[in-house]
Amino acid sequence: MVVGLEVHAELLTKSKMFCRCSTRFGDPPNSNVCPVCLGLPGSLPVVNGEAVRLAVIAALTLNCQVNLRSRFARKNYFYPDLPKGYQISQYDEPLAVNGYVMIPGPPPKKIRIRRLHLEEDAGKSLHAGDDITRAAYSLLDFNRCGVPLIEIVSEPDISSPEEARQYLEELRRILEFTGVSDVKMEEGSMRVDSNISLRRAGQDQPGALVELKNLNSFRAVVRALAYERDRQSRILAAGGTVLRETRGWDESLEITVPLRAKETSEDYRYFPDPDLPPLVLSEEWLEKVRREVPPLPEEKREYYVNVLGIPAYDAGILTSSRKLAEFFDECMSEGADPKVASNWILSELLGYMNSCGLGPDAIPTSPEFLVKLVKLIEKGVISGRIAKDILVKMAETGRDPEEIVREEGLQQVTDEAFLQQVIDQVIAENPSAVEGIKKGRSKAIGFLVGQVMKKTGGRANPEIVNIIIKSKLEWIRDA
Amino acid sequence: MNDDALWNMKASALLELMAAGEVSSVEVVEAFLDRISEVEREVGAFLEVMQEEALAQARRIDKLRQSGEYPGLLGGIPVAVKDNICAAGAGCTCGSRMLADWTAPYDATVVRALKEQGAVIIGKTNMDEFAMGSSTENSALGVTRNPWDLRRVPGGSSGGSAAAVAAGEVPLALGSDTGGSVRQPAAFTGVTGLKPTYGRVSRYGLVAFASSLDQIGPLAADVKDLCLLMDVISGFDERDSTSEDRPVPSYSQALSRSTRGLKGGVPKECLTQGVSPGVRRCFERALEMLEELGIDIKEISLPMTRYALDCYYIIAPAEASSNLSRFDGVRYGVRAETESFEKMYMRTRRNFGPEVRRRIMLGTFALSAGYYDAYYLRAAKVRTLIRRDFKRAFEEFDIILSPTAPTSAFLLGERTQDPLSMYMADVLTVPANLAGLPALSVPCGFEEVPGSGGGGEGEMVRRLPVGLQITGRPFDEETVLCAGHAFYQAVAPGVEAELARMRKGLGRASQGSTRCCVQGSG
Ligand SMILES: [Zn+2]
């Protein structure tokens with residue numbers, strides 16, 4: 001099985017590829033448009049430098065060779081959501097070539113990347129019917145039109161659905177971690193097309209190429225490739241020939257269906273875009289970007305383990321997403337103890353987030369507040385138990401922990417005279433526990449401490465309570 | 001009507017009068033509006049006249065002047081704009097049925113610059129559809145006639161702008177030049193026109209025909225007026241990635257420079273390209289006058305320019321085929337309502353006229369898989385060689401001289417059935433577009449052609465203007481304009497006397513003969 005993947009990822013720029021319109025997702029239809037992205041007569045494209053920078057970062061982290069001179073070309077075809085009648089892309093002079101990604105396997109394998117280039121996205125069509133040929137009418141939203149994309153084309157090095165999944169996960173992790181893209185397949189900011197062909201045992205030449213479209217999730221990629229592998233091998237086993245065609249993945253039926261025969265490939269009449277001079281990068285600029293490339297997850301993970309002394313498993317979770325690692329890094333620069341901060345993030349914060357289904361890009365509090373909370377425990381202002389409740393309040397309301405402690409009177413009680421009173425009361429109310437202690441059952445001490453905490457609403461300083469109870473009971477035992 | 005009517009004056013003179021408070025901008029604009037209504041029936045230069053907006057802008061300028069404020073370099077001067085350049089709120093038809101009802105929602109950078117410098121946009125001028133043509137006959141929206149002989153074409157594609165200036169309907173106008181579309185009509189109508197260096201003037205807001213060749217250029221009665229427009233429209237624009245970020249000189253001030261000792265080259269190829277005897281005589285006389293001005297003239301060779309026209313007719317249609325894809329009826333312009341979206345495309349695009357369709361097909365073919373290398377790529381290589389020819393020539397010469405067009409204005413209908421003879425009208429102008437060079441057309445004399453004959457108004461011969469083309473180094477418009485100015489000063493008395501005579505003949509007694517001309521031209 002020979003598979004090549006074409007991945008489109010939207011770049012995380014504020015403005016579009018060739019104009020200054022916002023790239024925000026989810027705005028009212030046709031609100032982020034201008035003469036340029038609507039293709040009005042007379043308008044001209046101007047390259048977004050930030051898009052070039054992000055694409056170069058992607059190219060560098062994918063081990064590509066960046067071309068100092070590349071060119072934009074026009075890909076000509078007619079479709080209602082393509083306002084100029086051509087897409088500005090790159091063709092024979094792409095931004096970067098010859099990269100690779102390592103997938104974990106087992107065994108680990110190098111998947112080569114043929115090219116990485118910049119282009120603009122098209123608008124969105126909404127058909128009142130199954131597709132444009134059968135719809136009574138279609139609606140168009142041009143907010144997405146002109147959003148910068150990179151297209152990453154792999155060599156046909158992938159030989160199983162599982163390898164395809166690993167390659168995509170690796171790409172997604174790298175693009176997300178370097179801040180190049182938010183790679184959300186459900187919002188369409190990452191899209192995957194696949195080529196698949198089967199090679200008969202003992203033959204060098206792969207068979208006819210089938211192109212797969214409508215792969216809207218990693219799961220869909222894996223299932224569609226597995227389905228195609230089985231379909232094609234059944235045809236070959238029966239002595240038939242696989243047709244060169246484009247097929248679409250039907251999510252509900254879990255099958256691929258033919259979209260159009262691909263006997264002659266469509267002629268896009270590519271030619272250099274005369275509106276844009278060649279994209280020329282200087283060596284110095286490229287060096288500068290190289291230095292700005294954020295460390296990759298594995299580099300970060302090593303740093304957390306070796307320098308900060310965080311357990312390898314915990315470091316792995318912290319670096320599983322860029323947002324989470326960034327959150328942790330900011331806690332460090334706020335002066336938190338690495339292990340303490342890591343524990344709070346992993347057990348309490350992530351625990352809370354999992355329970356309400358929040359992803360790593362929706363962390364409900366700030367690093368500053370989390371560090372404040374940890375410091376409140378260190379200074380003995382609150383107990384660890386109370387802190388957990390405060391964290392939930394912080395997450396629910398986004399408030400400052402100091403403010404919560406102050407307003408709700410949650411400060412730890414360290415006043416010995418007051419605690420003596422409460423403890424005396426507890427001892428008086430629990431004669432059987434006291435008896436037990438007298439008989440040497442030390443577990444009962446914990447019970448008494450618990451009772452004190454209950455009476456003080458958890459605010460008593462447990463260490464002080466412990467000491468006082470012990471000293472009182474010693475006196476009882478001795479007596 | 002008299003010779004010192006306001007509409008008969010140049011922009012430079014009108015600016016002086018307004019600055020001195022002798023006339024107001026409203027008076028100037030009204031004079032031109034009157035002139036337009038007087039001669040437009042014959043000339044047909046405009047597709048839209050913005051009377052209300054023009055008068056409102058004139059009143060604003062007058063108010064500024066009265067309160068002692070500077071109204072800008074062109075404060076109160078009417079300017080006509082070719083109808084492929086966007087001006088917010090005005091139509092922008094490109095001479096096409098496709099955009100007959102489209103109103104531009106934004107200003108082209110040049111239009112914004114004009115407005116900022118106090119110019120009064122007075123109307124939008126007729127043109128060959130999408131600037132494809134050399135006679136303005138390809139306009140789907142009206143006929144423009146050459147004011148020198150109403151039986152004849154004004155040239156094209158900026159025929160409306162050239163005819164409007166020649167007829168005294170406006171002192172200044174903007175055109176666009178892809179293969180000669182400013183210079184050739186300037187030559188045909190006896191006015192001056194400049195194609196600036198590619199990248200000197202922003203193309204933002206110019207509806208693209210062939211993006212690597214298009215350049216907006218000014219038309220005016222003389223070089224001095226031309227410089228007024230150049231001073232306003234030149235310069236880098238961050239909205240146009242092909243505009244060049246380099247300093248812009250004051251062209252008006254450059255005119256005082258001496259031309260003595262300049263070296264002028266005459267390509268020996270230029271007189272072999274079907275040049276008429278009358279044009280040749282004018283050109284040879286012009287060379288003598290240039291020598292009298294101290295310009296040193298020698299023959300040179302630009303061998304690759306022989307292939308310029310072939311090269312142009314691959315590159316320009318190829319780019320056009322892609323540029324015109326956006327006219328699909330989806331978002332703006334005409335839409336054919338049909339049952340399927342594919343039919344919508346096909347039917348909508350039938351609104352293109354025959355010449356536009358011809359070029360879209362040519363260009364689509366030249367870019368198709370299997371033909372790309374043989375056509376587009378080879379043309380791109382020839383283009384590089386043509387550039388190299390010029391580069392070598394400019395190591396020795398400061399300017400290159402040729403006639404602007406091989407003939408003077410031809411008759412309406414004379415070449416419409418034969419596209420190749422129409423294409424020949426650009427043979428001397430396309431090299432400057434392919435090489436991206438600045439090139440000026442300036443009136444240099446008259447060719448005598450048979451008149452309308454017969455009794456009454458009929459005459460035995462008709463004198464038609466001929467243009468001299470001066471091409472310069474990239475971004476050296478100054479030398480080109482300076483030489484053009486010196487030359488024009490020498491021919492001005494004769495040229496302007498003829499111009500005044502021609503203008504007098506318009507709008508008054510020629511109704512009868514116009515009708516006769518139309519019938520005569522078939
Ligand atoms: Zn936009």
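Preceding block: the structure.
Being a predicted model, the structure only gives us computed values, none of them experimental. (Residues numbered from 1 in each chain as written. Chains lettered and ligands numbered in written order. Predicted model: local features only at pLDDT ≥ 70, side-chain atom pairs only at ≥ 80, totals over all residues. Heavy atoms only, no water.)

Asker: Can you tell me about the coordination of the zinc ion, naming the residues and giving the values?
Answerer: For a metal with four tetrahedral donors the ideal donor-metal-donor angle is 109.5 degrees, whereas six octahedral donors ideally subtend 90 or 180 degrees. Around the zinc ion, the donor atoms from the protein are C19 of chain A (SG), C21 of chain A (SG), C34 of chain A (SG) and C37 of chain A (SG), and they sit 2.3 to 2.4 Å away. Geometry at the zinc ion is tetrahedral, judged from its 4 donor atoms and the angles of 100 to 114° they form at the metal. (Donors = N, O, S within 2.8 Å, 3.2 Å for Na, K, Ca; no water. Tetrahedral: all angles 85-135°; square planar, octahedral: opposite > 155°, others 65-115°.)

Asker: Can you explain the packing of aromatic side chains? Please cite residues and give values.
Answerer: Taken as a whole and judged by the stated rule, the model has 26 aromatic pairs over all chains. Here Y304 of chain A and F328 of chain A contribute two aromatic rings whose centre-to-centre distance is 4.9 Å and whose plane-to-plane angle is 70°, an arrangement assigned as edge-to-face. With Y304 of chain A in helix α5 (residues 297-306) and F328 of chain A in helix α7 (residues 322-333), this pair connects stretches of sequence that are 24 residues apart. Each member of the pair, Y304 of chain A as well as F328 of chain A, carries the same accessibility label: buried. Consider the rings of F341 of chain B and Y345 of chain B, whose centres lie 5.8 Å apart with planes at 80°: the pair is edge-to-face. With F341 of chain B and Y345 of chain B both in helix α11 (residues 341-348) and 4 residues apart, the pair spans about one turn of that helix. (Phe/Tyr/Trp six-rings, centres within 6.5 Å; stacked < 30°, edge-to-face > 60°. Helix = DSSP H or I, 4+ residues; strand = E, 2+ residues; numbered from the N terminus. Buried < 20%, exposed > 50% of the residue type's maximum accessible area, 1.4 Å probe, protein only.)

Asker: Before we move on, could you go through a nonpolar patch on the surface and cite the residues and values that matter?
Answerer: Taken together, the side chains of L126, Y137 and L139 of chain A define a hydrophobic patch exposed on the protein surface, amounting to about 340 Å² of accessible area. Along the chain, Y137 of chain A falls in the loop between β8 (124-127) and β9 (138-141). (Patch = residues over 30% accessible without salt bridge, like charges linked within 9 Å, V, L, I, M, F, W, Y side chains within 5 Å. Areas by Shrake-Rupley, 256 points an atom, 1.4 Å probe, with all protein chains shown as cover. Salt bridge = Lys/Arg side-chain N within 4 Å of Asp/Glu carboxyl O.)

Asker: Describe the sheet that holds strand β4 (residues 172-176) of chain B, with residues and values.
Answerer: Residue and element names in this part refer to chain B. Pairing is mixed across the open sheet formed by 11 strands, whose spatial order is β1-β3-β2-β4-β6-β5-β10-β11-β9-β7-β8. One side of each edge strand has no neighbouring strand; the edge strands of this open sheet are β1 (46-49) and β8 (296-300). Along the sheet, successive strands turn relative to each other by an average axial angle of 30°, direction set aside. The sheet contact formed by strand β2 (residues 78-82) and β4 spans 3 bridges and is parallel. Residue pairing for β4: V81 is matched across the bridge by L174. On top of the sheet, helix α5 (residues 159-166) reaches β1, β2, β3 (120-125), β4 and β6 (216-220); it is set at about 160° to β4, its chief contact. Along the sheet face, helix α13 (residues 373-396) touches β7 (263-267), β8, β9 (399-403) and β11 (461-472) and points at about 115° away from the line of β9. (Pairing = 2+ DSSP bridges. Axes fitted to C-alpha atoms, helices over the stretch in contact; angles between N-to-C directions. Contact = heavy atoms within 4.5 Å.)

Asker: Before we move on, can you summarise a positive patch on the surface with the specific residues and values?
Answerer: Positive charge collects at one region of the surface, where R97, R347, R350 and R357 of chain B lie side by side. Relative to the elements of secondary structure, R357 of chain B occurs in helix α12 (residues 354-367). (Lys, Arg positive; Asp, Glu negative; His and termini not counted. Charge placed at Lys NZ, Arg CZ, Asp CG, Glu CD.)

Asker: If you had to explain the nonpolar core to someone new, which residues and values would you point to?
Answerer: Residues and elements named next belong to chain B. In this structure, L114, I122, F130, L401 and L468 are the most contacted members of the largest nonpolar core, which totals 166 residues. Here this core takes 10 residues from helix α16 (residues 477-505), the largest share from any one element. Residue contacts for L468: discarding those within four places in its chain leaves F283, A286, L290, L401, S402, T404, L440, S441, V442, C444 and F487. (Core = buried A, V, L, I, M, F, W, Y, C linked by side-chain atoms within 4.5 Å.)

Asker: So what's going on with the packing of helix α9 (residues 277-292) of chain B against α16 of chain B? Which residues, and what values?
Answerer: Residue and element names in this part refer to chain B. Packing of α9 against α16 leaves a shortest axis separation of 10 Å and a crossing angle of 115°. The hand of the α9/α16 crossing is right-handed. The residues of α16 that touch α9, namely those facing A286, M289 and L290, are F487, A490 and V491. Taken together, the residues that form the contact of α9 with α16 break down as 6 nonpolar, no polar and no charged. (Left-handed = near helix turned anticlockwise from the far one by under 90°. Nonpolar A, V, L, I, M, F, W, Y, C, P; charged D, E, K, R; others polar.)

Asker: Pulling in residues and values, what's your account of the side chain of E498 of chain B?
Answerer: All names here are of chain B. If you trace the backbone, E498 turns up in helix α16. Overall, E498 belongs to the buried group, its relative accessible area being 12%. In contact with E498, not counting residues within four places along its chain, are W148, F446 and R463.

Asker: I'd like a description of the interface of chain A and chain B, backed by residues and values.
Answerer: Across the boundary between the two partners, chain A contributes 34 residues, which contact 38 residues of chain B. In total, chain A and chain B occlude about 2900 Å² of area from one another, counting both sides; carbon and sulfur atoms represent 59% of this. Run the count over chain A and chain B and you get 2 salt bridges. The shortest N-O distance in the salt bridge between D275 of chain A and R203 of chain B comes to 3.0 Å. Seen at the junction of chain A and chain B, the total is 20 residue pairs in polar contact (both at pLDDT 80 or more). Mapped by element, the contributors of at least two residues to the side of chain A that touches chain B are β4 (73-76) and β15 (271-272) of chain A. Residue classes in the side of chain A that touches chain B are distributed as 22 nonpolar, 6 polar and 6 charged. (Buried area = accessible area lost by both parts, 1.4 Å probe. Polar contact = N/O pair within 3.5 Å; in protein donor to acceptor, adjacent residues only side chain to side chain.)

Asker: Could you give me a rundown of the environment of G494 of chain B, with the residues and numbers involved?
Answerer: Positionally, G494 of chain B belongs in helix α16. Here G494 of chain B falls in the partly exposed class, since its relative accessible area comes to 41%.

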